[in-house]
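Summary of the model geometry
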Amino acid sequence: MEKAKSWSIPKLFVWDAYKRVKANRGAAGVDEQTIEEFERDLANNLYKLWNRMSSGSYFPPPVKRVNIEKRGGGIRPLGIPTVSDRIAQAVVKGYLEPELEKHFHPDSYGYRPRKSALDAVGVARERCWRYAWVLDLDIKSYFDTISHELLLRAVRKHTDCPWVLLYIERWLKAPVQLEDGTLEPRERGTPQGSVISPLLSNLFLHYTFDRWMARNYPDIPFERFADDALCHCVSEAQAKILKEALEKRFAECGLQLHPEKTKVVYCKDDDRRGNSKNESFDFLGYCFRARRSKNRFGKFFVNFSPAVSNAATKAIREEIRRWQLRCRIDRWIDDLARMFNPVIRGWITYYGRYYKSALYPTFRYLDQCLAYWAMAKYKRLRRHRRRAVHWVSKAASRDPRLFAHWPLLHQALTGR
């Protein structure tokens, strides 16, 4: 006879959580166990996890610390839980998220069902046309400085489920295993990379920022994607007043606005006179600034619009260099297209939504790399760069849809 459990956690919760974790893939944690290895004894592993969670005896293992380079320089620490711990976190997230979603602000876009970064960029674009000033917010080391006490207080506002509260507290306190194997206790913050962190970080800023803005500055619209936020103001003075008020508000909640990266920006266009120290900002991979555009009547004008940022194009070029096309002379051009088109389509889908012509130089760089590949593969093209460039151009004319970016460049060349 099976021993009675402390809590009734349906087994279906664990099964659904496993399917979500499998779909998201992810690296191995401190136990070095991959998803494939976990699945070799899937039924037993899932049962043991359900059994321990239901009895209250589940204690999360340390989180593996991995440092990755940020686009703008510096290091971003990621925390990688084990596969079983990711499933356990997905169980709690699946239980808690539907309740929190009912309360989250409509202009919070990060890591939420049916909302995306492109939604936030689109709304910001329209509001920059209506409001001349933006307060671009950057929270310093946000995920590492979240107050556990305040976060747990926020969670308790929305649930009294004992096992949800217990495991969230244990995850917050779980130590971090550094790259040299030493364990580091965690008194603040929630690690980026864990399943539950996006939901918890959204909840913390829901009370720290979203609700506070709605209560104190209801006439100032904003977009927030996780810890990136824009506030739209009617004047520079209003933006500066808001900046001072938010510095105090974040300090009350144990957070700090980045003194250099937080700035007031003038959304300059044809109809807005004067100048300002800051007339551009980056948001979610897009750079917002004055750009030359053409209306439906063919007349050119200048408006304040987003296009792929310099940091994003730099990251794309670095990714292309990592492909090492010159070393792939064992492949045909059709093989290269099949290998890399999914990534290229992703770039076009995201960065090509607004002002897609800003992508042309980067994709021309990709064609140059294909020309170097052709020079390495075919003897008749070696040491003949122009001939190799012409070869790539002829291939694009012959099969313009072979590479995902070729229709875009062909359209630019023909002007259609």
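This part takes up the overall build of the chain. Along its length, the chain carries 15 helices and eleven strands. For the chain, the spread of C-alpha atoms along the principal axes amounts to about 75 × 60 × 40 Å. The proportion of buried residues among the 416 residues of the chain is 48%. Long-range contacts, defined here as pairs at least 24 residues apart, represent 68% of the contacts in the chain between residues at least 6 apart. For the chain, the exposed area adds up to about 22000 Å²; of that, 49% sits on carbon and sulfur atoms. Side-chain charges of the chain comprise 75 positive and 48 negative groups, with the mean position of each set lying 8 Å from the other.

So, on to a positive patch on the surface. On the surface, a cluster of positive charge is made up of Arg380, Arg387, Lys394 and Arg398. Relative to the assigned elements, Arg387 resides in helix α14 (residues 385–398).

Further remarks concern the sheet that holds strand β10 (residues 286–294). Taken in spatial order, the three strands make up an open sheet running β9-β10-β11, and their pairing is antiparallel. Two strands in the sheet have a free side with no partner beyond their single neighbour: β9 (281–283) and β11 (300–308). Each strand axis lies, on average, 50° off the axis of its neighbour in the sheet, ignoring direction. Across three bridges, β9 lies against β10 in antiparallel orientation. Looking at the pairing, Asp282 lines up with Cys287 of β10.

Let us now look at the pattern of salt bridges. Should their charged atoms come close, side chains of opposite charge can pair. Taken as a whole and judged by the stated rule, the model has 18 salt bridges. The shortest N-O distance in the salt bridge between Lys19 and Asp16 comes to 3.7 Å. With Lys19 and Asp16 both in helix α1 (residues 11–24) and three residues apart, the pair spans about one turn of that helix. Classification of Lys19 as partly exposed rests on a relative accessible area of 42%. For Asp16, a relative accessible area of 26% corresponds to the partly exposed category. Of the charged contacts, one joins Arg112 and Glu101 as a salt bridge, the two residues approaching to 3.0 Å between their closest N and O atoms. Here Glu101 lies in helix α4 (residues 83–101) and Arg112 lies in the loop between α4 and α5 (117–130), a separation of eleven residues in the sequence.

The full count for this structure, using the stated rule, is 25 aromatic pairs. Judged by centre distance (6.1 Å) and plane angle (85°), the rings of Trp373 and Tyr378 are edge-to-face. The interplanar angle of 45° and the centroid separation of 5.4 Å between the aromatic rings of Tyr378 and Trp391 together place this pair among those described as tilted. With Tyr378 in the loop between α13 (360–377) and α14 and Trp391 in helix α14, the pair connects residues that are 13 residues apart, well separated along the chain. Using a relative accessible area of 17% as the deciding quantity, one classes Tyr378 as buried. Through a chain of ring-to-ring contacts, the aromatic side chains of Trp7, Tyr58, Tyr167 and Trp171 assemble into a single cluster. Here the guanidinium or amino end of Arg170 rests over the ring plane of Phe59, the centre of that ring lying 3.7 Å away. Its guanidinium or amino end placed over the ring of Tyr372, Arg326 lies 4.3 Å from that ring's centre, counting from NZ or CZ.

Conventions used here
Residues numbered from 1 in each chain as written. Predicted model: local features only at pLDDT ≥ 70, side-chain atom pairs only at ≥ 80, totals over all residues. Heavy atoms only, no water. Helix = DSSP H or I, 4+ residues; strand = E, 2+ residues; numbered from the N terminus. Buried < 20%, exposed > 50% of the residue type's maximum accessible area, 1.4 Å probe, protein only. Contact = heavy atoms within 4.5 Å. Areas by Shrake-Rupley, 256 points an atom, 1.4 Å probe, with all protein chains shown as cover. Lys, Arg positive; Asp, Glu negative; His and termini not counted. Charge placed at Lys NZ, Arg CZ, Asp CG, Glu CD. Patch = residues over 30% accessible without salt bridge, like charges linked within 9 Å, V, L, I, M, F, W, Y side chains within 5 Å. Salt bridge = Lys/Arg side-chain N within 4 Å of Asp/Glu carboxyl O. Pairing = 2+ DSSP bridges. Axes fitted to C-alpha atoms, helices over the stretch in contact; angles between N-to-C directions. Phe/Tyr/Trp six-rings, centres within 6.5 Å; stacked < 30°, edge-to-face > 60°. Lys NZ or Arg CZ within 6 Å of the ring centre and 35° of its normal.

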